[in-house]
Every structure is written in structure tokens, then in C-alpha cells.
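These are the residues of each chain, in order.
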Number of protein chains: 2
Amino acid sequence: MSSPKHFKENMAPSENESEHVEELGVKEKNHSKTVQWVLNPPEPPTLWCEFTGSIKAALPSKSRPIWSHVMVFLNGLFPILQWGRNYNLRMFKSDLMAGLTLASLSIPQSIGYAGLARLDPQYGLYTSVVPPLIYAVMGSSREIAIGPVAVISLLLSSMIQKSADPSVDPTSYRKMVFTATFFAGVFQAAFGILRLGFLVDFLSHAAIVGFMGGAAIVIGLQQLKGLLGITHFTNKTDVISVVRAVWVAVHQPWHPHNFLIGCLFLIFILIARFLGRRNKKLFWLPAIAPLLSVVLSTLMVFLTRADNHGVKTVQYVKGGLNPSSASQLEFNGSHVGEAAKIGLIAAVVALTEAVAVGRSFASAKGYHIDGNKEMTAMGFMNITGSLTSCYVATGSFSRSAVNFSAGCKTAVSNIVMAITVFLALQFLTRLLYYTPTTILASIILSALPGLIDIGEAYEIWKVDKQDFLACIGAFFGVLFCSVEIGLLVAVTISFANIILNLLRPRIQMLGRIQGTDIFCSVSQYPVAVKTPGFLITRIDSSFFSFINANFVRDRILSWAVEDHTSENSDEAGQKVQFVIIDMSNVVNIDTSGIAALEDIHKKLVSHGLQLMFANPGWQVIQKLKLSKFIDKIGGDKIFFTVGEAVDACLESKKEFSMC
Amino acid sequence: MSSPKHFKENMAPSENESEHVEELGVKEKNHSKTVQWVLNPPEPPTLWCEFTGSIKAALPSKSRPIWSHVMVFLNGLFPILQWGRNYNLRMFKSDLMAGLTLASLSIPQSIGYAGLARLDPQYGLYTSVVPPLIYAVMGSSREIAIGPVAVISLLLSSMIQKSADPSVDPTSYRKMVFTATFFAGVFQAAFGILRLGFLVDFLSHAAIVGFMGGAAIVIGLQQLKGLLGITHFTNKTDVISVVRAVWVAVHQPWHPHNFLIGCLFLIFILIARFLGRRNKKLFWLPAIAPLLSVVLSTLMVFLTRADNHGVKTVQYVKGGLNPSSASQLEFNGSHVGEAAKIGLIAAVVALTEAVAVGRSFASAKGYHIDGNKEMTAMGFMNITGSLTSCYVATGSFSRSAVNFSAGCKTAVSNIVMAITVFLALQFLTRLLYYTPTTILASIILSALPGLIDIGEAYEIWKVDKQDFLACIGAFFGVLFCSVEIGLLVAVTISFANIILNLLRPRIQMLGRIQGTDIFCSVSQYPVAVKTPGFLITRIDSSFFSFINANFVRDRILSWAVEDHTSENSDEAGQKVQFVIIDMSNVVNIDTSGIAALEDIHKKLVSHGLQLMFANPGWQVIQKLKLSKFIDKIGGDKIFFTVGEAVDACLESKKEFSMC
């Protein structure tokens, strides 16, 4: 669709135009006025201004006193200072209940995810203590539940075990984990402070759906190790390696008890979830089921001494508060570059998940989350985490949903959860001795269906095939290669889609909607009628640049020149005499684009055709002026609207025929 | 500037609208009609269709007999079959003169460029024999002069000598050169056949200007070796290494005779060029000057026996026709991947130069060059070249200009040139024994100023700062790192510019031009007036996708919600009640974009605001329908133009206030 149109006093069809001789004088005058609007707009803001503008907006204005600045800064950094003032007992009651529900889900999940990250169980619990506390004072989301999550656990273990094998050298593996966590925190904080939040956008919605689905299947397959009680398992995460490892393992002697217990409790948890979903009042049932499974299965093993009959148990879990891990960070080893790379990937994936979770709940409750502040909070949380034996924490989809339905009011529910986990670490770790590892596999497995969103994938397929390509690319990349290859494939396909869209912009032929001055694409709107003797085109690309300049030039020239030189003229028996390029959609242009316009102009003039431009964008007109292109073609070839350009041409034609 | 507008019968300002009660019925009817246009457009073509369409257009249609297809195909592949039919004696006379002039420039340049490529002199001459002959029958440009060029020679030597040192093992260096040439030809032919010509566009105009400038300086510095008669020189091409090597060399005993002779003839060639430029009739003088310098300096050395006094000479040059090099191509060595990579880079750079040269002369003479066919011709030319001891050939800027001013009519001038060079190879190579190498350095140096285009760089700086960044990046990349780093920097910056433009699209507030239905940006057109109670925005991006969806959503929401919830209302004392998003500029959308629109809708509804869309693009409306977004918000929220949307809102407001 096209540029705005000009004053049009009656609804007579355009062919009658030539009769309104006296009208043309008025139009002439109006044109000279509108051309001035087009040719002399205010200075457009530079891209630099736009970028610094967003930073300036975040900085305090100078008019207020210093202490006020400090307060604003502190309020921004620690949102708890704001909402804490209105905190009351009623809210605390809700938060207490939500926090306890959350903790009952967090404890078994944290232990399970620590296993996925190939760390000892206590590290999962540590990660559910410190990061939620930091987030509670710095974060702005009220529902998000902070702690270890499945995808990040898998991501870390799959990438780090390439540099350090946890089964051979757990100490250097752990050092690598903490160093990567530290880097992840630094990157996240940097993104937030430098307002680089848009980096998270590089993972498109479709890519995330595919990536999550693939990761969920990979995680599920990893759980076969625990479910089947396999001791030796592959370090790789791709489907083929895992299936092969399972195939080898089940052909060696194994203990079906593990599998039986695991399946039994998996079914129990799934039934609990089903009931919870059918009856909203039983929301606590799916939340408490995992802990209940742990307690029941532990009792079962303890009473039957099944651990002597091949059932693997968690055994010794170190209790007590998070020890310091500051001395374990390594910044001068050979793996520091690798750790930074892993940290960067983990930072982006963790932020993507957290921001998505935070935003969806914030929008449900109708408040706003500032992505950049959120990133800063996450960054400090992970930096602190890396010093206190935690690995990368982020917002969990499943636990945040539990937190939300348990009726949390503020981030205090995270504090309650952290304290509960801490108490469990302090007093209850010895009770975990007889907990079968297979139960942890069941708990992780039960959380996976939430990550696989087939409905959304189908929706993407239906709406946008190109987008679906990114989705399926991420899915198969994760499934058959590795987590990071999957991410890389997704980002590459997403960007290739953008480049492809830019490379071959659509160039529309415009026609007039009868009785109006509206010109729009004759393909999109078959009611539009081409004006005889005119080739009116619109470049459907916001950036007319090196990447599409040659294509656009060749297309317009071939239309114009073919039409002009061919024997057969158009329906109305007129050959093209005027070419109008509607630039409404072109927001920016570069020197290659200007060169292409010059080529078009030169060639058309050599064929005796006239070239006109309608409605160039703000930056475009600026650059056309700077490059003297307007001086070259003449300011009278630029119009405010396509309608004005057509009128001017018809008039000049009539004057010519009168002579 | 904004969407087209709707029928507007009088020029009364918009505020009076509410008075025209009976008019609204008509508008209502019109609206339901236009909405149908918007909501039910024909099926838009898929991107796949657009791509295959361009291939289909190139394939012959089925209606004609087979022999006609064969003729069309052969005519396409060998343009000589077409223009050859009309060739006559008069044209041959012109071509003969042009070809001889060209040869007199080609012979010394070819020998010099072979030195730059670190090959023996005869390989430069070989490259001026076979490729021009192949191009003459397959190429479509009439002016382009084919042969070795400076930038490609430098590119090849700088990249290949990392794998094989020509001073240590010239045979394996040569094998690598021919293999890379073969790959370059294969890539070029593949680009042409698969219609991937757009790959050449990835080097923007600005990047080429910077790259050429940097390469010219690097080539000039390389010539110091010949000019100063240095024996041991650095293999690196960056400024710092070269200056250091020269510094070391001049502090050892050296022979100033080389330098004297070189400077003398450099001045002679430059004066000849100056005279040629001042007097168009003397165009042959700069063309003949290099050959004249070679003859004179050779005579001088021969008569004074200066080669015994430290003047370096070319010495033995192998005569005779190009020997076969088919057996020297290596496809199973360790360097084959490297050779393919070098071939790819050389292919792209060579095509960029050739297509630029070809197009500029074709546009001067008013004919068209098909980029894809040209690439196929170049590809076959280089494949054949690699089998006949040639290295990568392409169209030379300087020699094409000489060919043009010498009055060439067709590619026959290339044939004449090739035959002349062949005769020189056959009979005259022994005369080159006493030619001083310093003279070759002078000839190359004299050709360099044409590659440095400071005026154009300044023009780019003036018009487009972002573009200039790509230019200067390529320049310094070539100068201080290496040729391929320079190219990489240029391409990266160019694409980063595009991504940056997409990341932060401008979102304009629209206002009405008084007395019309034109809505345009209030920042670009200060005459436009905001409508009280409305927030009318336009997304200035052709692709509303994952990369900018969050930014656009946050910006529009913050404007709408801030304005709505803030204490102070707008100038007219009205708070925003209606939000209209003008989608004219949005050509395509992806699922992230649709999700952002859903967020906007949800949030605005929760604040009691109404959201409307005007003029969505063809693909956009299609995808919004497929994703059921239109069902969600209601088809009555989509309008053909902003004007219609505003009218409908005002009407509904009036009805509401009447109740």
C-alpha cells in the first residue's frame, strides 16, 4: 500500500482529471508547498542519538538534588526498597504458603538437576539458596522462582565435560563450572548495565520453541541412566550416542528394581499433576508430589534394604550452608577462554528463559518488567552464586508457575523457599542417604512435558514456514549434534531469514483505487487500476542498501525499459512515459542505494522516460540531498505523494500536447 | 509518512467531522468495503516462489521447438554467436587498434603483476592469452579488458604463501596457485549457473572503495622491493611488516641505480598520463608509455651493461605458448581446503571488480549486462585458465578504460590483444633479459592512483557515516592486518549496519495534515497535527520480527500507557483512548512479531484502551489471519487507512457519549 495522497475534491474517476483545467493552478501551488515539506524536513536524529538517547533516559536528570539521585539509583537497583514499604502481614501469609510449596518442589528438583549438571546433589541445593536471596532484593519480577533449571544444567555439563571429565577429575570440573558461572554473571550484568538487552532477542520465539523441545528430549534420554541404574554412560548428549549407550547397557546385567521404582513414582507424579490440573483447588498436589515421592521411596528402600539388591541410592550428601568457592575460580588456566565462551552461551540462554518467564507472568498481572534491570539483577545473582558454590541459576518455567498458582505476592516467597532449602541442607541431608537415584530421574522426567510445546510448533508451521525452519533447525541441531550447535543453527537460520527478506525485497506495481488518490499494490488489491502511461512502483524494503540495490535497480529498469521498448503497448494503448518510485517504505538508504538510483535515473533518461520520486523517508531525503542526487535530478521530481506526482505528469503532458 | 487515506469530500478540518452525521453512514459502508479488501487479498506469493520464479524466467518456455531452445541456450552461453553476425570490417579496424594499444599496456603490466603474485614473468603473460580468448566468446561486455590485475595478484600471493613459500618451494606454490584458480573458476561458474549473483553484492560500494584504497597502498609498498632492488623481503603484506623490512634493507648495502632508473621512468609514465588526460587525442600516449619505458630501459641496461653494476634485471623468461598445467592441480593434498577457501575469496573479489567494470562501461554505452551470465563466463574462463598455466584473471579497471578510449567496438579487441601477447611470448621473451625489474615496479606504481578514490571516500563520509565505517574498516583492515581480514571487516561492518538498522527501527508518532486524510510523522513534518485522544504510531521497519519485536512493543506500550496513566493529559486536554498502529511499512512479520502484537493488545485492553491497525502489508495480513490474531481482536479493528480508523473511533465515541 502506498503513500498518502493529495487533496482531492471530488470523486470523479481519474481519467476525467484533464478536464479540471482551473483546478491545476491550485494543485500547482499546493505541490510547491508540499515539496518544501518533503525537501526541508528538520534534521533527523542520527542512529547514535537514538542509542545514546535510551541510555540518557535511564540516567537521572540534572535538575534534582544529589540525595534524590542516590535514592532513585538505589530504588532502581534494589526494587525491594520500593515494594518493601507496603509489605504487610497478609502478603507475608500468602508468600509463606507459596514459598513452602515452592521449596517442596525445589528440593527434589535441585538435587535432580545437580545430577544433570554432573555435580554432587548439594550443589543443586546450594544454587537454590543464595541466588534466590540475591534476586529477591534486586529483581523486579514477583512470581519468578529462581534456582537451577534443566536446560542450563544440561548446557553446562555437555559443554564443560569436553574440557574436564567430571568422572575422572571432579575438582577441575567443578572449578570450570564455577568459573563459567562467574563469567555468565559478568556477561549478564554487563548486558544489563550497557543496555545490551537486545542480545537476548537474537534467539527468536521459534528458535526457543525448537531448542526447548530438543533439549527436553535430550534431558529425558539422559534420565534413562538413572531410571535404568546404568553406571557407565556416554558423555555426549546427542540422541544417537545416548541410544547406543543405553543399548549397550541393557545388554549387560542390570537391576530392574531401579526401573520399577522409577516408573511407579513417575506415574504417581503424573497422576498428581492430572488431578491438580482438573481441580484448581488441588494445585498443591502436583507441587508436593515430588517431595512425597522422595520421602516414600526413601522409606521404602530403608525398610526393605533394597540398596543391597542393586537399587542405586544418593548416599552421602554434604550438609551445611554453602561453602565459599571464591578460591576455585580460575582466571589464568588454559581453559579460561573456554569458560568465558560457555559462560556467554549460558548467560544468553538463562536470560532468555528468565525474561520470557518474568514477562509472561508480569503481563498476566499487568505490571512491567525492565529487561535491562532484570539482567543486572541476574548478573549479580550469578556472580555471588559463583563465589558460594552455586552454578548458573535462572527463572524456572515450572516452579514459577507453581509459585504463581500458590498465590505468591512478592519475591518474599523466594526468600521463604531459600530459607527452607537452607534448613533442609542443615538438618535433613542425612535422610537422603537411602533416596534412590531413580526417583530423581522420575522427577526430572515429569517436568519435561512442559518444555515440549508441539502445539506452538504446529502453530509456527501454520503461520510462518521460514520461522518454522529455525524452530526445526534448533530442534534437530540439539537432538543430533549438541546443545550449542542447536543454538548456533537456530540463530543462523533466523538471521538468514532476515537477510533473505532483505536480499529480495518485493517491488510492487501500484494502481489507483478509483475515485481516490490512494495508490496501492495491484497484486494485493485487485481493485486498484494501473494508470496508463505510468509505471508506478514501490520498493518494499525499509533499508535500500548494498544488499538489495542491484536487484531493485535491475527489476525496475527491466520493467520500465521492456515496457517502453516492446512492440505491444499496455491495455490503454499507451506506452510507459513516466516512472514513479514510491519511497514511502524506504526508511534508510546507503551509498550503494543512491548509486542504484543514479543508475536508474541515467538509464531512464537515456530512453526518454521521466523519473519521479514520491514520499521519501526522513533519512532518505537527507542523504539524497547530501549526495547532491536531488540537485542532479531536480527538486521538481520529488513529490509528497504518488497522487501529486501523477497529477504533475498529466499536467506536463497536456501542456506539451497543447504546444 | 503514512498510509493512503480514504475518500474525503471536503476540506474542513478534522475537528468539524462530528457534525457530518449523515456522512458517517456512507463512511460506514465504505469502511466495510475497504476492510474486505484488506482482509481478503489474493494469496501472496511465497518467498520460495519468488526465488524459483527468477530461475524459471531464465529457463526456456515450453511452447517452442527443441532446436529453438538449443539456439537460445547457445546464444546465451556464447554471445559472440549474436554480435558476430553483424560484425564488419569497420568494427574490426577499431578493434584492431584498440587491441594493439591494449597489448602494449598489457605486456608490461602482466609481467609486473606476475611478480606481485610471486610467479615467474611468463605466467602473467600466459594469463593475458587464454582467459581473454575464452571471455571473448562467452562474455557479454564489449569494453572489459581481461587479464591479471593487481588486487587479485596480491590477494593470491598473500594468502597462498602462508601454505607454501614461493622462494623455498616454487613448484608447490605454483600448484597451489593453479588449484586455487581452478576453485575460483568453479565457484564463479556455480554462482552464475545457480543464480547466486547476489553474493557479489555482499561487498558494499563503500567497502570496495576502502578495500581498493588499502590494497593499492599495500601494493605500492610491495613495489619498494623492486624499486630499491631488495633481495630479501617480508612475506607479509601489512604496512608495519613492509616498512620494517624496507628499513632493514636500506640499512644494508644497496644499489641506488635501481631506484634512479625506476623513478626516472615512473616520472616519464606519469607525465605521459598527464598529457594524455589534458589532450584527449593523445589517449595512446599513457597506454604506450609503459611499453616504451620497458624498451628504453632495456636498451639502456643493455648498452651500459648496468646489470653488472647492481641493476637487477628480469633475465630468463620462458617463451612459447601456455603449457598445460592440468597435472599440477592437486585435489587430495593437505592444502586442498585452503586452496578452496582462497579460491572462494578470489572468486568473489574478482567478480566484484569485473561486474563493477563491466556495468559502468555498459551503462555508459547504454546496454545491459546480465550478472549471472557474466559470472558463468568468468568461471569457465578461469577453469580453462587453471588448466593452461594461468592464474585468476578478471576485468581490469585501468586497461578497460584504455580499451574504451581506444575505441573498441566488441570483445574482438581482447582477441587481438591475446594474439599480440602470444606473439610476444613466442618471439620477444629473449629481449626481456636485460629489462630492469625496477621498471616493472614503476609500471605497477603508476597504475595505483586509479585504485585510490579519496573523493569517493569523502563523499561517503559526507552522506553516510555508517557506510563510511565499512569503508574505513576495510581500508585499515587491509593496511594493518591482511587482505582477507580487510574483506572480513568490511563485510562484517556492512552487515552489522543492516542488523543495527533492524534492531532499532524508528517508531514515528503520526499526525494529520490539516484538511486532508494524510497522516504523517510529526517529527519529519512539523505541519502535521496530532489528533487529541489518539496515539497514532507507525513502525518503520519492513520486517517486524524477533530482532525488533520486543523493542517495538515496549516503546509503543510505554507511550500508550504512560500517556494514559500520567496525571497530565495532552494539549487538547484529552487522554489517549485509542491507539492506532499504522502497518504500511511492515511488509513481513514472524511469530515473534505476532506475539508482540498480542502482548500490546492484551496490555492496552487491560488499561481500557482500544487498539486498531491500519493498512497491514500483504504477507502480514495473511499471517495475522493464519495465527487467528484477527479473530482474537476482531476484524473491525483492521482498517484500510489511518484516516478510516480515526473516523471509526470518533464515531464510536460519539455514539457512546449519546447513550
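Everything below is about the structure printed above this text.
Just so it is clear, the model here is predicted, and its values are computed rather than measured.

## Description of the overall build of chain A
Inference 1: Each helix and strand counted, chain A has 26 helices and 10 strands in total.
Inference 2: Out of the 659 residues in chain A, the part that is buried amounts to 52%.

## Comments concerning the sheet that holds strand E3 (residues 506-512) of chain B
Residue and element names in this part refer to chain B.
Inference 1: Strands sit in the order E4-E3-E5-E7-E9-E10 across an open sheet of six strands; the sheet is mixed. A single partner strand is all that each edge strand has here, and the edge strands are strand E4 (519-521) and strand E10 (638-639).
Inference 2: For strand E9 (residues 610-614) and E10, the ladder comprises two bridges, and the chain directions are parallel. Each residue of the ladder has a partner; that of Ala614, found in E10, is Phe639.

## Structural notes on the packing of helix H12 (residues 256-278) of chain A against helix H13 (residues 284-304) of chain A
The axes of two packed helices give the description: the angle between them and the distance between them.
Residue and element names in this part refer to chain A.
Inference 1: At a closest axis distance of 8 Å, the pairing of H12 and H13 adopts a crossing angle of 155°. As judged from the angle between their axes, H12 and H13 are roughly antiparallel. Between H12 and H13 the crossing geometry is right-handed. Within the contact between the two elements, H12 uses Ile261, Phe265, Phe268, Ile269, Ala272, Arg273, Leu275 and Gly276 and H13 uses Leu285, Pro286, Ala289, Pro290, Ser293 and Ser297.
Inference 2: Tallied by class, residues from the contact of H12 with H13 come to 10 nonpolar, three polar and one charged.

## A word on the interface of chain A and chain B
Inference 1: Residue-level contacts link 72 residues of chain A with 72 residues of chain B.
Inference 2: At eight residues, helix H23 (residues 591-606) of chain A tops the list of elements feeding residues into the side of chain A that touches chain B.
Inference 3: A breakdown of the residues in the side of chain A that touches chain B according to their chemical character gives 31 nonpolar, 26 polar and 15 charged.

## What about the sheet that holds strand E10 (residues 638-639) of chain A?
Inference 1: Ordered in space as E4-E3-E5-E7-E9-E10 (chain A), the six strands form an open sheet in which the pairing is mixed. Two strands bound the open sheet, and with one partner strand each, they are strand E4 (519-521) and E10 of chain A.

## Some details on the relation of the copies chain A and chain B
Inference 1: For the pair chain A and chain B, the best superposition has an RMSD of 0.1 Å and corresponds to a rotation of 180° with a translation of 0.1 Å parallel to the axis. When the rotation and shift are considered jointly, the pair of chain copies conforms to a two-fold rotation axis.
Inference 2: Mapped onto chain B, 100% of the interface residues of chain A are again interface residues, and the two copies thus contact each other with one and the same surface.

## Topic: the packing of helix H8 (residues 150-160) of chain A against helix H14 (residues 336-365) of chain A
Residues and elements named next belong to chain A.
Inference 1: Close contact between H8 and H14 brings their axes to 10 Å; oriented N to C, the two are set at 170°. Judged by the inter-axis angle, H8 sits roughly antiparallel to H14. Residues Val151, Ile152, Leu155, Leu156, Met159 and Ile160 of H8 touch H14, and the partners they reach there are Ile342, Ile345, Ala346, Val349, Ala350 and Glu353.

## Re unusual backbone geometry
Residues and elements named next belong to chain A.
Inference 1: In this structure, Arg118 takes a positive phi of about 60° despite not being glycine.
Inference 2: Tracing the sequence through the fold places Arg118 in the loop between helix H5 (89-116) and helix H6 (121-127).
Inference 3: At Lys628, a position not held by glycine, the phi torsion is positive, near 65°.
Inference 4: Secondary-structure assignment places Lys628 in the loop between helix H24 (618-626) and helix H25 (629-633).
Inference 5: By C-beta crowding, Lys628 is classed as partly exposed, having 13 other C-beta atoms within 10 Å.

## A few points about the pairing of strand E5 (residues 534-540) of chain A
Residues and elements named next belong to chain A.
Inference 1: Among the seven residues of E5, seven are classified as buried, and the element is accordingly described as predominantly covered.
Inference 2: Of the two faces of E5, the one carrying Phe534, Ile536, Arg538 and Asp540 and the one carrying Leu535, Thr537 and Ile539 are both buried.
Inference 3: Taken together, the four bridges between strand E3 (residues 506-512) and E5 define a ladder with antiparallel strand orientation. By the bridge assignment, Gln508 is partnered in E5 with Arg538.
Inference 4: Where E5 meets strand E7 (residues 578-582), five bridges bridge the pair, whose relative direction is parallel. Paired with Arg538 across the two strands is Asp582, which belongs to E7.

## Some words on the nonpolar core
Inference 1: Judged by nonpolar contacts, the single largest core of 370 residues is most densely connected at Leu156 and Ala346 of chain A together with Leu156 and Ala346 of chain B.
Inference 2: Residues contacting Ala346 of chain B, with those up to four places away along its chain left out, are Ile152, Leu155, Leu156, Ala180, Ala184 and Val392 of chain B.

## Some details on the environment of Ala339 of chain A
Inference 1: Relative to the helices and strands, Ala339 of chain A resides in helix H14.
Inference 2: Spatially, the C-alpha atom of Ala339 of chain A lies 9.1 Å from that of Ala184 of chain A, the residues being 155 residues apart in sequence.

## A short note on helix H18 (residues 437-447) of chain A
All names here are of chain A.
Inference 1: Most of H18 is tucked away: 11 of the 11 residues are buried.
Inference 2: Every buried residue of H18 is accounted for by Thr437, Thr438, Ile439, Leu440, Ala441, Ser442, Ile443, Ile444, Leu445, Ser446 and Ala447.
Inference 3: Summarising the contacts, the buried residues of H18 are in contact with H5, H8, helix H10 (205-228), H12, H13 and helix H16 (397-405).

## Examining the pairing of E3 of chain A
All names here are of chain A.
Inference 1: Within E3, five of the seven residues are buried, which leaves the element mostly enclosed by the surrounding structure.
Inference 2: Where E3 meets E4, three bridges bridge the pair, whose relative direction is antiparallel. Directly across from Gly511, in E4, lies its bridge partner Cys520.

What counts, and at which threshold
Residues numbered from 1 in each chain as written. Chains lettered and ligands numbered in written order. Predicted model: local features only at pLDDT ≥ 70, side-chain atom pairs only at ≥ 80, totals over all residues. Helix = DSSP H or I, 4+ residues; strand = E, 2+ residues; numbered from the N terminus. Buried ≥ 20, exposed ≤ 12 C-beta atoms within 10 Å, placed from the backbone. Pairing = 2+ DSSP bridges. Axes fitted to C-alpha atoms, helices over the stretch in contact; angles between N-to-C directions. Parallel < 35°, antiparallel > 145°, perpendicular 65-115°, else oblique. Left-handed = near helix turned anticlockwise from the far one by under 90°. Contact = placed C-beta atoms within 7 Å. Nonpolar A, V, L, I, M, F, W, Y, C, P; charged D, E, K, R; others polar. Least-squares fit on C-alpha atoms with pLDDT ≥ 70 in both. Core = buried A, V, L, I, M, F, W, Y, C linked by C-beta atoms within 7 Å.

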